[in-house]
Amino acid sequence: MANPGGVLIAGRNGQVALELARAFAARAQPFLALGRSELDLADSATVEKTVVALRPAIVVNAAAYTAVDMAEDQPELATAINAIGAGCLARSAYRVGAPIIHISTDYVFDGSKPAPYVETDATSPLGIYGASKLEGERLVADANSRHVILRTAWVFSPHGHNFVKTMLRLGREREEIGVVADQKGAPTSAADLADAVVALTDKILGAPDRSDQYGIFHAVNSGATTWYGFASAIMSGARRRGSKTAHINAIATADFPTRARRPANSILDASKLLSVHGIVLPAWEEALEHCLDDLIIQPN
Ligand SMILES: NC(=O)c1ccc[n+]([C@@H]2O[C@H](COP(=O)([O-])OP(=O)(O)OC[C@H]3O[C@@H](n4cnc5c(N)ncnc54)[C@H](OP(=O)(O)O)[C@@H]3O)[C@@H](O)[C@H]2O)c1
């Protein structure tokens, strides 16, 4: 296992990790994706040893403890992976002279702002997951000045667990589904996020010493909706492809209690990514169509 000069991806079977592997392979860029059995972020000593042995040119951290509700009962594990482990990965990258691209989340905000969040807005996570990711941002930035922290939101893809796959399943199983209509955000395709990471990697490896390209950036598909709007678009796309669907009823967050609170406004303003890096992710509706094409086999 060696990839000197290549891209080291932390995470292998996750939504973003799988799309990163696809995107780097399509560019014929050498990469190595390590899942938790090969690179356990909860085990800092082995993280450092592994990165130093591999000597990658750049590290992309797509690994995280992502179970938002379970994190409320496992704060130590969430912090070990999302904060301490992420910081250790960034420090290990620094030791071998590698920049790091680290994926973070809209959950660093409390959602009370009446407008889209910009990178400099005050953070105030509502739960353990968001707090652990925020601490991860701080530790990554402290450990390695050559960092790009990409905050994304509402990630979907044909892989793993996500809202699109849940809605398609419930659409087949039920006649009606209640979906919250008072939380807004930008559904974001793991594939589009991965393409943005590949473009960033090219730029960074082309000029690793340019300090103006580093920092925190918001990276989400363009546009915004509510979970209700997203669910309605999924059902209409599924219906057009011949799948059985359910009727979506708008409900309030108060009618759908969860262990961890969610931000009411998760909309991230991604204009800094465009102005600094020239990168803009497509509209979420277009991204959803691609995902549905992959997920639904249409009758001939
Ligand atoms: N999903 C969302 O809606 C969402 C929203 C905002 C931000 N994000 C952020 O986006 C990034 C990617 O999320 P995702 O949706 O792709 O997550 P995911 O599908 O849940 O995948 C999680 C990834 O983390 C890895 N992982 C978990 N525990 C680990 C450990 N102890 N050591 C090493 N790796 C570990 C998994 O490893 P294996 O490959 O071995 O399974 C997997 O690759 C995360 O930083 C997440 O916080 C996600």
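In this numbering scheme, every chain counts its residues from 1 along its sequence in written order. Selection of residues for local features in this predicted model requires a pLDDT of at least 70, selection of side-chain atom pairs for listing and counting requires 80 or more, and totals for whole chains, interfaces and linings are taken over all residues. Excluded from the side-chain calculations are hydrogens and water; all other atoms, namely the structure's heavy atoms, are used.

### Quick look at the overall build of the protein chain
Rule in force here: Runs of E in the DSSP output that reach at least two residues are strands. Runs of H or I that reach at least four are helices, and both are numbered from the N terminus. In this setup the radius of gyration rests on C-alpha atoms only. A globule is expected at 2.2 Å times the number of residues raised to 0.38. Residues are treated as being in contact if the distance between any of their heavy atoms lies within 4.5 Å.
Looking only at helices and strands, one finds 9 helices and 12 strands in the protein chain. Expected size for 300 residues packed as a compact globule is a radius of gyration near 19 Å; at 19 Å, the protein chain falls within 12% of this value. Taking the principal axes of its C-alpha atoms as reference, the protein chain extends roughly 55 × 45 × 40 Å. Sequence separation of at least 24 residues holds for 83% of the intrachain contacts in the protein chain that already meet a minimum separation of 6.

### Examining the packing of helix H5 (residues 163-173) against helix H9 (residues 284-295)
The condition is simple: In this analysis, axes come from line fits to C-alpha atoms, helices being fitted only over the stretch in contact, and the angle between any two N-to-C directions falls in the range 0 to 180 degrees. Working rule for angles: under 35 degrees goes down as roughly parallel, over 145 as roughly antiparallel, 65 to 115 as roughly perpendicular, anything else as oblique. What makes a crossing left-handed is the near helix being turned counterclockwise from the far one by less than a right angle; a clockwise turn instead makes it right-handed. Any residue outside Ala, Val, Leu, Ile, Met, Phe, Trp, Tyr, Cys, Pro, Asp, Glu, Lys and Arg is labelled polar, Gly included; the first ten of those are nonpolar and the last four are charged.
Closest axis-to-axis distance for the H5/H9 pair is 11 Å, and the angle between their directions is 55°. As summarised for this structure, H5 and H9 are arranged oblique, according to the angle between their axes. For the element pair H5 and H9, the recorded crossing hand is right-handed. Contact residues: Val164, Lys165 and Leu168 in H5; Leu288, Cys291, Leu292 and Leu295 in H9. Among the residues forming the contact of H5 with H9, the class breakdown is 6 nonpolar, no polar and 1 charged.

### Observations concerning the side chain of histidine 218
Selection criterion: Per-residue accessibility, obtained with a 1.4 Å probe over protein chains only, is compared with the maximum for each type, and a residue is labelled buried under 20%, exposed over 50%, and partly exposed between these values. Whenever two N or O atoms come within 3.5 Å, that pair is a polar contact, provided that in protein one can donate a hydrogen and the other can accept it, and provided that, for residues adjacent in sequence, both atoms are side-chain atoms.
Following the sequence through the fold, histidine 218 ends up in strand S10 (residues 215-218). A residue is classified by how much of its surface remains accessible, and histidine 218, at 0% relative accessible area, is buried. In this structure the side chain of histidine 218 is engaged in a polar contact, spanning 3.0 Å, whose partner is the side chain of arginine 151. Here aspartate 269 takes part through its backbone oxygen, which lies 3.3 Å from a polar atom of the side chain of histidine 218.

### Looking at helix H4 (residues 128-143)
For the α-helix, the turn length of 3.6 residues means that residues three or four positions removed from each other point alike. Short version of the rule: Each residue after the first adds 1.5 Å to the expected span of a helix. The arc refers to the directions leading from the helix axis to the C-beta atoms.
The terminal C-alpha atoms of H4, which comprises 16 residues, lie 22 Å apart, in line with the 22 Å expected from a rise of 1.5 Å per residue. Listing the buried residues of H4 in full gives Tyr129, Gly130, Ser132, Lys133, Gly136, Glu137, Val140 and Ala143. Buried residues along H4 cover an arc of 160° about the axis, so they all sit on one side. Next to the buried residues of H4 lie helix H3 (75-95), strand S4 (100-105), strand S5 (147-152) and S10.

### Comments concerning the site of the ligand
Heads up, the rule is: Any residue with at least one heavy atom within 4 Å of a molecule or strand is counted as near it. Only the protein chains shown count as cover for residues, and all accessible areas are computed by the Shrake-Rupley method using a 1.4 Å probe.
Around the ligand, the structure places 26 residues, and the nearest of them are Asn13, Arg36, Thr66, Tyr129 and Lys133. Within the backbone of arginine 12, one N or O atom sits 2.8 Å away from an oxygen atom of the ligand. One of the backbone N or O atoms of glycine 14 is found 3.1 Å from an oxygen atom in the ligand. Across the complex, the protein chains shield 86% of the 910 Å² of accessible surface that the ligand would expose by itself.

### Brief notes about the pairing of strand S1 (residues 7-10)
Here is the rule we go by: For two strands to be treated as a pair, DSSP must find no fewer than two bridges joining them. Whether a crossover is right-handed comes down to one check: with the strands pointing away from the viewer, does the path from the first strand over the helix to the second run clockwise; if it does, it is right-handed.
Going residue by residue along S1, you find Val7 and Ile9 tucked away on one face and Leu8 and Ala10 tucked away on the opposite face as well. The pairing of S1 with strand S2 (residues 31-34) spans 4 bridges and is parallel. When the bridges of S2 are listed, isoleucine 9 appears paired with alanine 33. With helix H1 (residues 15-26) bridging S1 and the parallel S2, this β-α-β connection has right-handed handedness. Bridge count for S1 against strand S3 (residues 58-61) is 4 bridges, and the pairing is parallel. From the neighbouring strand, valine 7 faces S3, where its bridge partner is isoleucine 58.

### Let's talk about the packing of aromatic side chains
Threshold: Centres within 6.5 Å are what make two rings of Phe, Tyr or Trp a pair, Trp counting through its six-membered ring; a difference in plane orientation under 30 degrees is then read as stacked, over 60 as edge-to-face, and the rest as tilted.
Taken as a whole and judged by the stated rule, the model has 9 aromatic pairs. Put simply, the rings of Trp154, Phe156, Phe163, Trp227, Phe230 and Trp284 touch in pairs and so form one group of aromatic residues.

### Comments concerning helix H2 (residues 44-54)
Of all the positions in H2, only Val47, Glu48, Thr50, Val51 and Leu54 are classed as buried. Along the axis of H2, the buried positions cluster into a sector of 165°, meaning they face one direction only. Relative to its buried face, H2 has exposed residues pointing more than 90 degrees away, namely Ala45, Lys49 and Ala53. Of the surrounding secondary structure, the elements contacted by the buried residues of H2 are S1, S2 and H3.

### Some words on the pattern of salt bridges
Opposite charge on two side chains allows them to pair when their charged atoms are near. In plain terms, the rule: By convention in these notes, a salt bridge is any Lys or Arg side-chain nitrogen within 4 Å of a carboxyl oxygen on Asp or Glu.
Under the criterion given, the structure shown has 19 salt bridges. Across the pair aspartate 142 and arginine 138 runs a salt bridge, and its minimum N-O distance is 3.2 Å. Taken as a pair, aspartate 142 and arginine 138 lie in helix H4 at a separation of 4 residues, close to a single helical turn. Aspartate 142 sits in the exposed class, given a relative accessible area of 56%.

### With respect to the sheet that holds S2
Sheet architecture is open: 6 strands sit in the order S2-S1-S3-S4-S5-S10, paired in parallel fashion. Single-partner strands in this sheet number two, and they are S2 and S10. Direction aside, neighbouring strands of the sheet carry axes that sit 20° apart on average. Two strands pair when backbone bridges link them, and S5 and S10 are joined in this way by 4 bridges, in the parallel orientation. Its bridge partner being in S10, leucine 150 is matched across the sheet by phenylalanine 217. The strands touched by H3 are S1, S3 and S4; relative to S3, the strand with the most contacts, the crossing angle is about 170°.

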